[in-house]
Amino acid sequence: MTIYKFAVCENQEWIVSVSAEDFETFLAMDGRAIQGWAPPVMTMLEADHGAEEPSYSDFPWLGEHAPILKKPAVEALAPVLTRYGQLMPLKGEDVWLFNVTNVLDALDKERSSIVYFDDGDILDIERFVFKVEIIGSAEIFKLPTRGSPVFVTDGFVTRVRDLGMRGVSFAPLWTSGE
């Protein structure tokens, strides 16, 4: 089993909230289901003056903790995604936020390389080691930490690639048996 996180790829489309206050909405997603969703207004970033125009992305980049999907990705992946979270509509663009609600305490803290804040919270994880027995057959999960990236398994990555999704990349973090 290989565990990946979403990664930005070259020339990928980027999306941001129109209001800076909404950034906290995305960072605060901690694995709980969202009730009473008030969708933020989003906009695709334009290329900087003189820069190459971004390529089409089925997954416009907001961050590794908050996957954003365009309609073709939602239609193709909804059956698997909804097993692990909520597809939340956003305003301003025809996109959805994937709120992962499958939270697994699957990080092997003793074998991982972790930098901690003084209060004991995790600042950064420099090297990931996961507990396969906790992940089981899950394809998508988050860790129980604030701002956790969304983690996916090789099965999900293969599914996305086989479907021909464009403008999405995954960074391998750990392979079982390492």
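Rules of the game
Residues numbered from 1 in each chain as written. Predicted model: local features only at pLDDT ≥ 70, side-chain atom pairs only at ≥ 80, totals over all residues. Heavy atoms only, no water. Helix = DSSP H or I, 4+ residues; strand = E, 2+ residues; numbered from the N terminus. Rg over C-alpha atoms; globule rule 2.2 N^0.38 Å. Contact = heavy atoms within 4.5 Å. Areas by Shrake-Rupley, 256 points an atom, 1.4 Å probe, with all protein chains shown as cover. Lys, Arg positive; Asp, Glu negative; His and termini not counted. Charge placed at Lys NZ, Arg CZ, Asp CG, Glu CD. Salt bridge = Lys/Arg side-chain N within 4 Å of Asp/Glu carboxyl O. Pairing = 2+ DSSP bridges. Axes fitted to C-alpha atoms, helices over the stretch in contact; angles between N-to-C directions.

*Asks:* Teacher, can you tell me more about the overall build of the chain here?
*Replies:* Looking only at helices and strands, the chain has four helices and 11 strands in total. Radius of gyration (C-alpha) of the chain: 16 Å, near the 16 Å computed for a compact globule of 178 residues. If one aligns the C-alpha atoms of the chain with their principal axes, the spans along those axes are about 45 × 40 × 35 Å. Considering only contacts in the chain between residues 6 or more positions apart, those separated by 24 or more positions represent 65%. As displayed, the chain offers around 9,300 Å² of accessible surface, 50% of which is attributable to carbon and sulfur atoms. For the chain, the centre of its 15 positive side-chain charges and the centre of its 28 negative side-chain charges are spaced 6 Å apart.

*Asks:* Teacher, can you tell me more about the environment of Thr145 here?
*Replies:* Relative to the elements of secondary structure, Thr145 occurs in the loop between strand E9 (140-141) and strand E10 (151-153). Linking Thr145 and Ile122, residues 23 residues apart in sequence, is a C-alpha distance of 7.6 Å.

*Asks:* It is not clear to me how the environment of His65 should be interpreted in this structure. Could you clarify?
*Replies:* With respect to the helices and strands, the residue His65 is situated in the loop between strand E3 (42-44) and strand E4 (68-70). The spatial distance from the C-alpha of His65 to the C-alpha of Phe26 is 7.7 Å, given a sequence separation of 39 residues. Apart from the residues within four sequence positions on either side, His65 is in contact with Phe26, Leu27, Met29, Lys142, Gly147, Ser148, Pro149 and Val150.

*Asks:* How should I be thinking about the pattern of salt bridges in this particular structure?
*Replies:* Two side chains of opposite charge can pair, provided their charged atoms sit close to one another. Under the criterion given, the structure shown has seven salt bridges. A salt bridge links Glu139 to Arg159; its shortest N-O distance comes to 2.9 Å. One end of the pair, Glu139, is in the loop between helix H3 (132-135) and E9; the other, Arg159, is in helix H4 (residues 154-162), and 20 residues separate them in sequence. Through salt bridges with shared partners, one network takes in Arg83, Glu139 and Arg159.

*Asks:* Help me understand the pairing of strand E8 (residues 122-127) in this model?
*Replies:* Strand residues, when the strand is regular, have side chains that alternate between the two faces of the sheet. Here four bridges tie strand E7 (residues 113-116) to E8, and the two strands are oriented antiparallel to one another. Within the sheet, the bridge partner assigned to Ser113 lies in E8 and is Arg127. Turn length for the E7-E8 hairpin, with the two strands adjacent in sequence and antiparallel, is five residues, and the turn residue Gly120 shows positive phi of about 95°.

*Asks:* Is there a simple way to explain the sheet that holds E9 in this structure?
*Replies:* Either a parallel or an antiparallel arrangement is found when strands of a sheet pair, and the pairing is made through backbone hydrogen bonds. Pairing is antiparallel across the open sheet formed by four strands, whose spatial order is E9-E10-E1-E11. Strands with a single pairing partner mark the edges of an open sheet, and in this sheet they are E9 and strand E11 (169-175). Pairing geometry for strand E1 (residues 2-7) and E10, over three bridges, is antiparallel. By the bridge assignment, Ile3 is partnered in E10 with Thr153. On the sheet, H4 packs against E1, E9, E10 and E11 and is oriented at approximately 80° with respect to E10.

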